[in-house]
Amino acid sequence: MTEYSLEVMIDEVVLGLASDADCAKLDRMAAEDPAVAALLERARLRFAPLDDTAAPQPLPEGFWNRLTDRLDVPDGPAAPAEIVELDDVRARLARWRRATYGAVAATVLLAFLAGWSLLTPTPPLVVTVLLDASGGAVALVESAPDNTTRITLLEQPAVPSGQVMQVWTKPDDAGPPVSLGLLADGTSETLTIRGLTAPTARQLYEITLEPAGGSPTNLPTGPILGVGRANDPVI
Amino acid sequence: MLGVARRMLRRSDLAEDAVQDALVLVWRRAGQFDPARGSAKGWLYTILRNRCLTMLRSEEREVTSDAADVDVTPVPEVLASAYGGLDDATGLRQCLDRLDGPTRDAILASYVLGYSHGEIAGRLDSPLGTIKARMRRGLLKLRECLS
């Protein structure tokens, strides 16, 4: 018999061959030791391509309704994680909450599939994806009610030397663009500004290339790197 | 997700239950997800696979009333299509290629169909200890090959 090393245990947990006791043990070890967690993740990634070989199945009719029925139960601290008491869930069913939970559940799912962390401390009021002239996504802009604006660059734009990226918004669609600040070191950044009204859906955001130090006229002068209008996030 | 569950459970009705259970668990444990420790997709599939394995191992599976729910594809065909579905360029495919057929099928059967050591031993009519040792040697080769 080969030695039952940590790596064997990890492989057997990932394949589904390990005992419940070993699975629980490895869970504890991974929670305490990031090195074990990394080994476990690596083992999962080794076999993950097999998940993509399963033939995709269309969701059966009524899938989301049945799911939202089940989500409609308070999250009690003592609720057992592995056992879902269907009768209990059904007893608490409240029709009017279905749609809300359905939307939220779908959002949670999509958020995870997209790989976004849900642990953002304050949810943004509006989210904008800035696109370049060819429709490529350039940046994600998340704006809080106080106009704290987080800009996540989705690609590294080519900024000529002597120039800088400047972020603009139009709080009033008919009015002039207002500068939110510079991305001085050419990377993603969170900008703050005072005195503007809270951002709203459809508000315009854009990034332009300006001379070092920012636009001399305090209005966009250079080429547009990316532009977009804000959306209300579904949270 | 549903495809993975259906392939493992070989029943479409149970597969829907498994995906629903997994999504309820994801919902409840969203706060436990730590992006530093792995991808969101991996986390989601791990929860789903664990749910399927629990269903496979438990005796609570009721007999289905609808034959249409049952997947009757023969096991070797399911394994061959999983193996064949892997892109030739992936390391996993290339490294699985280097294993002998029975060891490769045993590893595939455990991951894809959720078979236990005992079930694999039964199918191959080999002693349990032999199967365990053979699979561990195969997994060691995979680890070395993929590292």
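Attention here is on the structure that accompanies the text. As the structure is a computational prediction, the values presented were derived from the model and not from experiment.

This part is about the packing of helix α6 (residues 101-113) of chain B against helix α8 (residues 128-146) of chain B. Residues and elements named next belong to chain B. In contact at an axis separation of 9 Å, α6 and α8 are set at 90° when each is read in the N-to-C sense. Taken together, the axes of α6 and α8 are roughly perpendicular relative to one another. Contacts from P102, T103, A106, I107 and S110 in α6 reach R134, M135, G138, L139 and L142 in α8. Here the contact of α6 with α8 is built from residues that sort into six nonpolar, three polar and one charged.

Here we come to helix α7 (residues 117-124) of chain B. What α7 of chain B keeps buried is the set H117, I120 and A121 of chain B. On an axial view of α7 of chain B, the arc spanned by its buried residues comes to 100°, and they lie on one face. The exposed residues of α7 of chain B that point more than 90 degrees off its buried face are G122 and R123 of chain B. On its buried face, α7 of chain B sits against α1 (6-15) of chain A together with α6 and α8 of chain B.

Here we take up the packing of aromatic side chains. Counted according to the given criterion, the structure contains one aromatic pair over all chains. When the centroid spacing of 5.6 Å and the interplanar angle of 25° are considered together, the rings of F47 of chain A and Y111 of chain B count as stacked. Separated into two different chains, F47 of chain A in helix α3 (residues 34-47) and Y111 of chain B in helix α6 make up a pair that spans both. Sitting over the face of the ring of Y111 of chain B, R49 of chain B holds its NZ or CZ atom 3.6 Å from the ring centroid.

For the rest of this paragraph, the subject is the pairing of strand β4 (residues 163-170) of chain A. A regular strand places its side chains so that they alternate between the two faces of the sheet. Residues and elements named next belong to chain A. The element β4 is extensively covered by neighbouring structure, given that six of its eight residues are classed as buried. Where β4 and strand β7 (residues 204-211) come together, eight bridges link them in antiparallel fashion. Pairing of V164 across the sheet is with E210, part of β7. Sheet topology note: the β4/strand β5 (residues 178-183) ladder contains five bridges and is antiparallel. Note that in β5 the partner of W168 across the bridge is S179.

Now for the interface of chain A and chain B. Listed as interface residues are 53 residues of chain A and, on the opposing side, 56 residues of chain B. Across the interface of chain A and chain B, roughly 5,000 Å² is buried in total on both sides, 63% from carbon and sulfur atoms. Applying the counting rule to chain A against chain B returns four salt bridges. With a shortest N-O distance of 3.6 Å, R143 of chain B and E7 of chain A are connected by a salt bridge. Viewed at the interface, chain B and chain A are joined by 10 residue pairs in polar contact (both at pLDDT 80 or more).

All names here are of chain B. Summed over all chains, the structure comprises 11 salt bridges over all chains. Taking the shortest distance from any N to any O, the salt bridge between R93 and D97 comes out at 3.6 Å. With R93 and D97 both in helix α5 (residues 91-97) and four residues apart, this pair spans about one turn of that helix. The class for R93 is buried, based on a relative accessible area of 14%.

Here is what the cut-offs are and how they apply
- The written sequence of each chain sets the order in which its residues are numbered from 1.
- Whichever chain is written first is A, and whichever ligand is written first is 1; the rest continue in order.
- A pLDDT threshold of at least 70 governs which residues receive local features in this predicted model, and a stricter bar of 80 or more applies before side-chain atom pairs are shown or counted, although totals over entire chains, interfaces and linings include all residues.
- The basis for every side-chain value is the complete set of non-hydrogen atoms in the structure, without hydrogens or water.
- Every axis in this analysis is a line fitted to C-alpha atoms, fitted for helices over the stretch in contact. Angles between the N-to-C directions lie between 0 and 180 degrees.
- Numbering goes from the N terminus for both helices and strands, where a helix is a DSSP run of H or I of at least four residues and a strand is a run of E of at least two.
- Just so you know how the angles are binned, under 35 degrees is roughly parallel, over 145 roughly antiparallel, 65 to 115 roughly perpendicular, and the rest oblique.
- Two residues form a contact once any of their heavy atoms are found within 4.5 Å.
- Three residue categories are used. Nonpolar comprises Ala, Val, Leu, Ile, Met, Phe, Trp, Tyr, Cys and Pro, charged comprises Asp, Glu, Lys and Arg, and polar comprises the others, including Gly.
- Residue exposure (1.4 Å probe, protein chains only): buried if accessible area is under 20% of the type maximum, exposed if over 50%, otherwise partly exposed.
- Taken from the helix axis, the directions to the C-beta atoms give the arc we talk about.
- Geometry of aromatic contacts follows a simple scheme: Phe, Tyr and Trp rings, the Trp one being its six-membered ring, pair when their centres are within 6.5 Å, and the pair is stacked under 30 degrees between planes, edge-to-face over 60, tilted otherwise.
- By definition here, charges over rings are those cases where NZ of Lys or CZ of Arg is within 6 Å of the ring centre and within 35 degrees of the ring normal.
- Two strands are counted as paired when DSSP detects at least two bridges linking them.
- Note: buried area is the sum, over both parts, of the accessible area (probe 1.4 Å) each one loses when the two are combined.
- The salt bridge definition used is simple: a Lys or Arg side-chain nitrogen within 4 Å of an Asp or Glu carboxyl oxygen.
- Distance and chemistry together define a polar contact, namely a pair of N or O atoms within 3.5 Å, with one atom able to donate a hydrogen and the other to accept it when in protein, and with adjacent residues in sequence counting only for side-chain atoms on both sides.

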